[in-house]
Amino acid sequence: MFDKLHAEESRYEELARLLSTAEVQADPNEMRKHSKALAELEPLVETFREYKGVASELAQAEEMLSGTDADMRDLAKEELKSLTPRRDRLVAELKVLLVPKDPNDQKNIVLEIRAGTGGDEAALFAGELFRMYSKYAERQGWKIEVMSSSDTGVGGLKEVIAIIEGRGVYSKLKYESGVHRVQRVPATEASGRIHTSTATVAVLPEAEEVDIQINDKDLRIDTFCSSGPGGQSVNTTYSAVRLTHLPTGVVVSQQDEKSQIKNRAKAMKVLRSRLYEMELRKQQEAIAKDRRSQVGTGERSEKIRTYNFPQSRITDHRINFTTHQLETVLNGDLAELLDHVSMHYQSEKLKDATAVS
């Protein structure tokens, strides 16, 4: 571990040197690339340097402990009492900081929410989930843009696809993919029975053109008249677009814009992100085959969370975490819930990294 830390510190120092050279300062792309790499290394290097300072103080205290001066030995014992736990904490932090970063963590996301089993009640729940993520996005200062949506006419959503842009969006929401289950008494239920409904959530890292190349020959593009609200253009112009990726069979439709060009651009964004996610899943499945257990595969078929209204309870089944702040969470205060999930998976990654090393 310490060989790796020394190597990373050397790389940090070399990046700092390069940033001060006239050649790099004259090239905006190189400047941006090296600045980003330096910023990513900074927390690790600062923690390592703090650790080295504490280790040096500990060595001095241990030397004093072996001396003949009784007062100095007592002082050394006090120093050891405070420095040892500090050193241990820094070692634990360094282990976490050495865990490989997810290269997608800083990406924007494509958020897809669909009503599952439960009819209108499932659609209402899908709408509430979208509102919850929208409120959380607002709290984070992120921008959210609806790409397409299909409502039920009674306040619910059959499906909604949106792009959320901002710093570290994927890192915060990447573990939200899966089946979300709601348990409550529907407004239309006269006998007061609790019904169970579901909605699926997919969080896809937004893919750039450099991430996924799509050949024109692999696409079938169909145009058709928009349906639903939209004024005079509805059912009169072929502005809606349906893209079919022939090699995979993935289909994306977009009709929210009156312009066919805009609809096609939006559909391409969603298609590229879906294809990128498929590639990520292939990689994860290949890695998982070599592991003793598959923890947190992110499969959408997994029931990850239950929202129980009668008990005002939310339970995340992956980490056995329960909170009774259901209303608060649905109003966008997701921080505690997301932090617990993230800490769980961070700890699993750390176990894997330790096992490998």
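This write-up is about the structure you can find in this document. For clarity, every value in this text was computed on a predicted model and none was experimentally measured.

**A short note on the overall build of the chain**
A count of helical and extended segments in the chain gives 9 helices and 11 strands. Long-range pairs, those at least 24 residues apart, make up 61% of the contacts in the chain with a sequence separation of at least 6. Roughly 20000 Å² of accessible area belongs to the chain as shown, and the carbon and sulfur atoms make up 50% of that amount.

**What about the side chain of S148?**
Take S148: it is sitting in strand β2 (residues 143-151). Note on S148: relative accessible area 9%, which makes it buried. In contact with S148, not counting residues within four places along its chain, are E159, V160, I161, Q254 and D256.

**Observations regarding the packing of aromatic side chains**
According to the stated counting rule, one finds 5 aromatic pairs in the structure shown. Between Y136 and W142, the aromatic rings sit 5.6 Å apart at their centres with planes inclined by 85°, giving edge-to-face as the arrangement. No difference in accessibility class separates Y136 from W142, as the two residues are buried. Its guanidinium or amino end placed over the ring of F309, R184 lies 4.6 Å from that ring's centre, counting from NZ or CZ.

**Let's talk about the sheet that holds strand β7 (residues 240-245)**
In spatial order, the strands read β6-β7-β8; together these 3 strands make up an open sheet with antiparallel pairing. Every interior strand has two partners, whereas the edge strands, β6 (219-224) and β8 (250-254), have only one. Going from strand to strand, the sheet's axes swing by 15° on average, the running direction of each strand aside. Taken together, the 6 bridges between β6 and β7 define a ladder with antiparallel strand orientation. Pairing of L219 across the sheet is with H245, part of β7.

**Observations regarding the pairing of strand β5 (residues 195-205)**
Taking burial as the measure, the 11 residues of β5 include 8 buried ones, the bulk of the element. Note that strand β1 (residues 109-115) and β5 share 7 bridges and pair antiparallel. Residue pairing across strands places I109 opposite P205, the latter belonging to β5. Across 7 bridges, the pairing between strand β4 (residues 178-184) and β5 is antiparallel. Of the residues in β5, the one forming a bridge with G178 is V201.

**Some remarks on the nonpolar core**
One finds L111, I113, L129, Y133, L173 and Y307 to be the most contacted residues of the largest nonpolar core, which totals 36 residues. Elements represented by at least two residues in this core include exactly β1, α5 (119-140), β3 (157-165), α6 (169-173), β5, α8 (326-330) and α9 (335-356). Take this core: its biggest share by element is 8 residues, from α5. In contact with Y307, not counting residues within four places along its chain, are F125, L129, M132, H180, R181, V182, Q183, R313, I314, L326 and L330.

**A short note on the pattern of salt bridges**
Across all of its chains, the model carries 25 salt bridges by this definition. Across the salt bridge formed by E128 and R184, the nearest N and O atoms sit 2.6 Å from each other. With a gap of 56 residues between them, E128 in helix α5 and R184 in strand β4 connect regions that are remote in the sequence. Here E128 falls in the partly exposed class, since its relative accessible area comes to 25%. We classify R184 as buried; its relative accessible area is 11%. Salt bridges linked by common partners bring E9, E13, R49 and K52 together as one network.

**Looking at the packing of helix α1 (residues 2-19) against helix α3 (residues 28-65)**
For the pair α1 and α3, the least separation of the axes is 8 Å and the interaxial angle reads 135°. Judged by the inter-axis angle, α1 sits oblique to α3. The two elements α1 and α3 meet at a crossing, and its hand is left-handed. Here the contact of α1 with α3 is composed, by residue class, of 15 nonpolar, 3 polar and 7 charged.

**Structural notes on the sheet that holds β5**
What the 8 strands build is an open sheet, ordered β2-β3-β1-β5-β4-β9-β10-β11; its pairing is mixed. Looking at the sheet topology across the chains shown, the edges are occupied by β2 and β11 (321-323). Across the sheet, the axes of successive neighbouring strands diverge by a mean angle of 15°, strand direction being ignored. Where strand β10 (residues 313-316) and β11 come together, 3 bridges link them in antiparallel fashion.

Rules and cut-offs
Residues numbered from 1 in each chain as written. Predicted model: local features only at pLDDT ≥ 70, side-chain atom pairs only at ≥ 80, totals over all residues. Heavy atoms only, no water. Helix = DSSP H or I, 4+ residues; strand = E, 2+ residues; numbered from the N terminus. Contact = heavy atoms within 4.5 Å. Areas by Shrake-Rupley, 256 points an atom, 1.4 Å probe, with all protein chains shown as cover. Buried < 20%, exposed > 50% of the residue type's maximum accessible area, 1.4 Å probe, protein only. Phe/Tyr/Trp six-rings, centres within 6.5 Å; stacked < 30°, edge-to-face > 60°. Lys NZ or Arg CZ within 6 Å of the ring centre and 35° of its normal. Pairing = 2+ DSSP bridges. Axes fitted to C-alpha atoms, helices over the stretch in contact; angles between N-to-C directions. Core = buried A, V, L, I, M, F, W, Y, C linked by side-chain atoms within 4.5 Å. Salt bridge = Lys/Arg side-chain N within 4 Å of Asp/Glu carboxyl O. Parallel < 35°, antiparallel > 145°, perpendicular 65-115°, else oblique. Left-handed = near helix turned anticlockwise from the far one by under 90°. Nonpolar A, V, L, I, M, F, W, Y, C, P; charged D, E, K, R; others polar.

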